[in-house]
Amino acid sequence: MADALAAPPCVNILGVEVAAQTLRDATARLLGWARADGRRYVCVADANVITEAQRDPGFRTVLGGAAMVTTDGMPLVWTCRLRGIPAERVYGPDLMLAACAASVPLGLRHVLFGSTERTLEALEAGLRARAPGLVVAARIAPPFRPLTAEEDADLVARINAARPDILWVGLGAPKQERWMADHLGRLEAPVMVGVGAAFDFLSGAKPQAPGWMRRNGLEWCFRLATEPRRLASRYARCIPAFIGLSLCQALGLRRFPTGRGAADGG
């Protein structure tokens, strides 16, 4: 377990410490934490998440409190490699599939939190088909509105009653990251992972880009073509901002101090 918990090198990408590692190593760390003491959360980050952290210092602090921030987007992978640190894409859906499959011999318990009951039902079926013997202890679809204190307490109680080793959170960024940080001291799951669109992709609710597009940093083109109304303004804002700020960091024109918190489980 010591090897599984060994911290990989991290790269400061616009003030966010991003783990430069392989999918295999990220999976090993996740499973190691699921069997260890302590409480942690993991964020999967793409260029949109990193640029959002520039606009919102509070969100940057949330990312800084994560035990691990993965290279969910290829621009983050390329940034690591340009700085001479090997990395591969640790994509939310791939991390979820790999961790679920590897957890079966260990008997780990999973809880699916987020989205709709219909999506969660399809997601559970898809995960079980790919990882026979997977233990899904509960699936919980919260309301799509702010919760009262009583409703939130009830959700916390339901999650804790299921005794998850890994809590998968699919609320979308940045909502899921904020939710994990806010609930870190109340939930008994050893590790929470915010995987966003993985719920929709792995359940079949939304189409996933072909592998060659994902590997070559073209997934955004596919997603824009399938969801133009929702994503056009996001990409028009995020892509130029990420490129411009990255150039400023690379040329030393601007400093980006990290907001690394005390939740480092490395």
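Above this text you will find the structure in question.
A brief structural summary.

Rules behind the numbers
- Residues numbered from 1 in each chain as written.
- Predicted model: local features only at pLDDT ≥ 70, side-chain atom pairs only at ≥ 80, totals over all residues.
- Heavy atoms only, no water.
- Core = buried A, V, L, I, M, F, W, Y, C linked by side-chain atoms within 4.5 Å.
- Buried < 20%, exposed > 50% of the residue type's maximum accessible area, 1.4 Å probe, protein only.
- Helix = DSSP H or I, 4+ residues; strand = E, 2+ residues; numbered from the N terminus.
- Contact = heavy atoms within 4.5 Å.
- Salt bridge = Lys/Arg side-chain N within 4 Å of Asp/Glu carboxyl O.
- Pairing = 2+ DSSP bridges.
- Axes fitted to C-alpha atoms, helices over the stretch in contact; angles between N-to-C directions.

1. Quick notes on the nonpolar core
At step 1: Ile-13, Ile-50, Phe-113, Leu-167 and Trp-179 are the most contacted members of the largest nonpolar core, which has 40 residues in total.
At step 2: In terms of residues, this core owes the most to one element, helix H2 (residues 47-55), which gives four residues.
At step 3: Apart from residues no more than four positions distant in its own chain, Phe-113 is found in contact with Ile-140, Pro-142, Leu-155, Ile-159, Leu-167, Trp-168, Val-169, Gly-170, Leu-171, Trp-179 and Phe-199.
At step 4: One finds Val-44, Leu-134, Ala-198 and Leu-202 within the second-largest nonpolar core, a separate group that totals 32 residues.

2. Details of the pattern of salt bridges
At step 1: All told, the structure shown has eleven salt bridges when counted by the stated rule.
At step 2: As a salt-bridge pair, Arg-186 and Asp-152 come within 2.6 Å of each other at their nearest N and O atoms. On the criterion of sequence distance, the pair formed by Arg-186 in the loop between helix H8 (175-183) and strand E8 (191-194) and Asp-152 in helix H7 (residues 149-161) is long-range, its members being 34 residues apart.
At step 3: Judged by its relative accessible area of 37%, Arg-186 is partly exposed.
At step 4: Overall, the relative accessible area of 13% leaves Asp-152 in the buried class.

3. Here's the deal with the sheet that holds E8
At step 1: One open sheet accounts for six strands, arranged E4-E3-E8-E7-E5-E6; its pairing is parallel. This sheet does not close on itself; its edge strands, each paired only once, are strand E4 (68-71) and strand E6 (135-140). Pairs of neighbouring strands in the sheet enclose a mean axial angle of 20 degrees, with direction left out of account.
At step 2: Relative to E8, strand E7 (residues 166-170) runs parallel, the two being bridged by four bridges. Within the sheet, the bridge partner assigned to Ile-166 lies in E8 and is Val-191.

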